[in-house]
Amino acid sequence: MNGGKTRAPIGAIVILACIAAVAVFAPWLAPENPEEIVLTRRLAPPFWMEGGSIAHALGTDSLGRDILSRLIFGSRVSLIVGLVAVAAGAGVGIALGLVTGYYGGVLDNVIMRIGDVQLAFPFILLAIALMAVLGEGLGNVILVLSIRSWVPYARMVRGQVLALKEQEFVQAVRAIGAKDWRITVKHILPNVAAPVIVLASFSVARTIIAEASLSFLGLGVGVSAATWGAMISQGKDYLTDAWWISGFPGLAIMITVLSINLIGDWLRDSLDPSLKY
Amino acid sequence: MGGYLARRLFSGALAILGIVIVVFVLVRMLGDPAALMMPPEATKEEIEIFRHAYGFDHPIHMQLVDFMKELARGDLGRSLRHDEPVMNMIMERLPATLKLSVTALVFSLILAVPLGVIAAIHRGTFWDRATMVIAMLGQSVPDFWLGLMLIYLAGVRLRLVPISGYGGFSHLILPALTLSVFPLARTTRIVRSAMLEVLGQDYIRTARSKGLSERIVTYKHALKNALIPVITVVGLDLGALLGGAVIVETIFAWPGMGRLVVQALDNRDFPLVQGGVLVMAISYVGVNILVDLLYSIVDPRIRCN
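Residues numbered from 1 in each chain as written. Chains lettered and ligands numbered in written order. Predicted model: local features only at pLDDT ≥ 70, side-chain atom pairs only at ≥ 80, totals over all residues. Heavy atoms only, no water.

(A) Representation of the overall build of chain B. Across its full length, chain B holds 15 helices and zero strands. Taken over the C-alpha atoms alone, chain B extends approximately 85 × 55 × 30 Å along its principal axes. A total of 305 residues make up chain B; the buried ones form 50% of that total. By sequence separation, contacts in chain B at least 24 residues apart represent 74% of the contacts at least 6 residues apart. A total of about 14800 Å² of accessible surface is found on chain B, and carbon and sulfur atoms cover 65% of it. On chain B, the mean spot of the 28 positive side-chain charges and the mean spot of the 23 negative ones are 15 Å from each other. (Helix = DSSP H or I, 4+ residues; strand = E, 2+ residues; numbered from the N terminus. Buried < 20%, exposed > 50% of the residue type's maximum accessible area, 1.4 Å probe, protein only. Contact = heavy atoms within 4.5 Å. Areas by Shrake-Rupley, 256 points an atom, 1.4 Å probe, with all protein chains shown as cover. Lys, Arg positive; Asp, Glu negative; His and termini not counted. Charge placed at Lys NZ, Arg CZ, Asp CG, Glu CD.)

Shown next, in the form of structure tokens:
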């Protein structure tokens, strides 16, 4: 559709690589301990504003913690949750899609109906309820967010398998006696890889926003943890005096998600031109 | 057509039933409402009386059967906290949610259709790229953060509009704007991409070769057909907005369904959570079925498949 518009988004790739590097090397890059509370320097503005200093380049929050250091450490949570939750959800979804598409029958019906239920469930409410039951924590956030993401993979892979299994190359390997698992994993799976990669890139972006939303509501990794969503929440009562507490973490989320979306767009255009939107 | 509708209604009802069961079990895992509702000095007997009055002393499957029986009579039970019929509480909040969702969708459509069309007819130019970058930005910004920043800029700094609460149109502007950004961005991209596809069709070439003006070709022949896929996403957006505006409602203190259910979750108000989620699920499934029907009316090719 986008006729040859498959130039790689170099800027987005570089930015995302930098964010990943920041996450990996956070302890070495952060100027301060992100949890260090110093009440005498609370609500200090960023360096370019009156009263700001380069020692706290992006200012401090209501407890005097260094915003830049918290932003740097916050990148870890966003990226880990985004990647692990999507990998888990995609893994389960792909497996279920392969099985339901290949075998059909009752199992297919049941799993697809469960998917319907999930799609009709207002997700944020399900996540809030599940987090309230499970309690805070990184593992629980990842679990809850991966529960949401399997459905689209299962549906898409199932659709592809249904189309592929009647194709001649699959019939041919079956005729020479290949086992079912070998046919699905070795011959069908590689053919669904492109749309899966595209879908996964967009889900990482959405999952990062979902994690931030949960943290914002106080149902994330932990109330005092340095996550971007929690930082936005901590700043919301200080908007009038200290916009930077909420302002910077939101910008960080937006830049990260935008880079991932741009890369996703490019992957879609270059890997699978038949997918739109 | 009739068979298709029946199948859709059946699978929709099945999904709603599934949601009812999941919510029913999930809220009961949240903890004992008696512990929260009763004063700390309540005796064991008093707590037992409370539990018995609401049926919490029955096994969970019996509670579910009772709930279903009442549901079949259209009774959603009474709120534990407010001691009011759940149905009334929902009906009080529903108009606010509808008002917010519909306004947000109207905002998004008013901008998305012209932006998408402009990007498509000027494909590859600066305008196309600028529109697409802005649309991508709109899909990447967390709505709760955008809401806070709008409060700061438009409400606190510029004092243009009220920053929270419920009232006239001015109260609606910031929350509706915040909610409209994601659908706006997505719809713009879809309109552009559908327009590009339609503009490459033979009947457009025919229309042009008849000597029709580019304006008529674009708006009369192309846009009409390009809007068909838009129906689906708008439907999905409406369905999602009816249940998903939880965070934006919280930020702007908007008295809608989302906030009602989140507060009910906090209070362990089981009947209210169950009723609220049920209504949201019915709206979501209902809107989806309506969209499918509308789709087959607008595009007769779908009926044949």
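(B) Region of the structure containing the overall build of chain A. What chain A contains, in helices and strands, is 10 helices and zero strands. When the elements of chain A are put in sequence order from the N terminus, they spell out α-α-α-α-α-α-α-α-α-α. Scored against the burial criterion, the 277 residues of chain A give a buried share of 53%. The contacts of chain A with a sequence gap of at least 6 include a subset with a gap of at least 24, amounting to 72%. Of the roughly 12100 Å² of accessible surface on chain A, a fraction of 67% belongs to carbon and sulfur atoms. In chain A, 20 side chains carry a positive charge and 18 a negative one; their mean positions are 9 Å apart.

(C) A nonpolar patch on the surface, seen in detail. Residue and element names in this part refer to chain B. A surface patch of nonpolar side chains, amounting to about 600 Å² of accessible area, comprises Phe10, Leu14, Leu17, Ile21, Val25, Met29 and Ile60. Tallying contributions element by element places helix α1 (residues 2-28) first for the nonpolar patch, with five residues. Residue position: Met29 is located in the loop between α1 and α2 (33-37). Overall, Met29 belongs to the partly exposed group, its relative accessible area being 49%. (Patch = residues over 30% accessible without salt bridge, like charges linked within 9 Å, V, L, I, M, F, W, Y side chains within 5 Å. Salt bridge = Lys/Arg side-chain N within 4 Å of Asp/Glu carboxyl O.)

(D) Structural context of the interface of chain A and chain B. Taken together, the contacts link 42 residues of chain A with 44 residues of chain B. Where chain A touches chain B, the interface holds one salt bridge. Where chain A touches chain B, the interface holds four residue pairs in polar contact (both at pLDDT 80 or more). Mapped by element, the contributors of at least two residues to the side of chain A that touches chain B are α4 (105-120), α5 (123-134), α8 (180-216) and α10 (244-271) of chain A. With 12 residues, α10 of chain A is the single largest residue contributor to the side of chain A that touches chain B. Across the side of chain A that touches chain B, the residue classes break down as 28 nonpolar, eight polar and six charged. (Polar contact = N/O pair within 3.5 Å; in protein donor to acceptor, adjacent residues only side chain to side chain. Nonpolar A, V, L, I, M, F, W, Y, C, P; charged D, E, K, R; others polar.)

(E) Local environment of the side chain of Thr184 of chain A. Residue and element names in this part refer to chain A. Topologically, Thr184 is positioned in helix α8. Look at Thr184 and you get buried, because its relative accessible area is 9%. At a separation of 3.0 Å, a polar atom in the side chain of Thr184 contacts the main-chain carbonyl oxygen of Trp181. Once you skip the residues sitting within four places of it in the chain, Thr184 turns out to touch Leu98, Tyr102 and Leu189.

(F) Representation of the pattern of salt bridges. All names here are of chain A. Counted under the stated rule, the structure contains 17 salt bridges over all chains. The salt bridge partner of Asp265 is Arg268, with a shortest N-O separation of 2.8 Å. Here Asp265 pairs with Arg268, and both are found in helix α10, just three residues apart, close to one helical turn. Accessibility expressed as a relative area gives 13% for Asp265, which makes it buried.

(G) Main features of the packing of helix α5 (residues 86-121) of chain B against helix α10 (residues 214-226) of chain B. All names here are of chain B. In the contact formed by α5 and α10, the axes pass within 12 Å of each other and the chain directions differ by 105 degrees. On the basis of their axis angle, the class for α5 and α10 is roughly perpendicular. Residues Val113, Val117 and Ile121 of α5 lie in contact with α10, whose contacting residues are Thr218, Tyr219 and Leu223. Its residues assigned to classes, the contact of α5 with α10 shows five nonpolar, one polar and no charged. (Axes fitted to C-alpha atoms, helices over the stretch in contact; angles between N-to-C directions. Parallel < 35°, antiparallel > 145°, perpendicular 65-115°, else oblique.)

(H) Examining α10 of chain A more closely. Helix length check: α10 of chain A (28 residues) gives 40 Å between terminal C-alpha atoms against 40 Å at 1.5 Å per residue, within 8%. Burial within α10 of chain A is extensive, with 22 of its 28 residues counted as buried. (Expected span 1.5 Å × (residues − 1).)

(I) Main features of the packing of aromatic side chains. As enumerated under the stated definition, the model contains 10 aromatic pairs over all chains in all. On the basis of an interplanar angle of 80 degrees and a centroid distance of 5.3 Å, the ring pair of Tyr102 of chain A and Tyr103 of chain A is categorised as edge-to-face. Taken together, the aromatic side chains of Phe47, Trp48, Trp243, Trp244 and Phe248 of chain A make up a single cluster linked through ring pairs. The ring of Phe216 of chain A has Lys236 of chain A sitting right over it, with the charged end atom 5.6 Å from the ring centre. Of note, Arg28 of chain B hangs over the ring of Phe24 of chain B, and the distance from its end group to the ring centre comes to 3.7 Å. (Phe/Tyr/Trp six-rings, centres within 6.5 Å; stacked < 30°, edge-to-face > 60°. Lys NZ or Arg CZ within 6 Å of the ring centre and 35° of its normal.)

(J) Looking closely at the environment of Leu227 of chain B. Residues and elements named next belong to chain B. Along the chain, Leu227 turns up in the loop between α10 and α11 (228-244). For Leu227, a relative accessible area of 29% puts it in the partly exposed group. Considered as a pair, Leu227 and Leu158 are 69 residues apart in the sequence and their alpha carbons are 37 Å apart.

(K) Up close: the packing of α5 of chain A against helix α13 (residues 257-266) of chain B. Orientation of α5 of chain A relative to α13 of chain B, taken along the N-to-C sense of each, is 10 degrees, at an axis distance of 11 Å. As the angle between them shows, α5 of chain A and α13 of chain B are arranged roughly parallel. Judged by residue contacts, Leu125, Ile128 and Ala129 of chain A of α5 of chain A engage Val261, Val262 and Leu265 of chain B from α13 of chain B. Looking at the contact of α5 of chain A with α13 of chain B residue by residue, the class counts come to six nonpolar, no polar and no charged.

(L) Summary view of the confidence of the model for chain B. Looking at chain B, the pLDDT average stands at 85 and 98% of residues meet or exceed 70. Complex prediction metrics read pTM 0.87 and ipTM 0.87. (pLDDT = per-residue confidence, 0-100.)

(M) Up close: unusual backbone geometry. Residues and elements named next belong to chain B. Despite not being glycine, Ala253 shows a phi value in the positive range, around 50 degrees. With respect to the helices, strands and loops of the structure, Ala253 is situated in the loop between α12 (246-251) and α13. With a relative accessible area of 29%, Ala253 lands in the partly exposed category.

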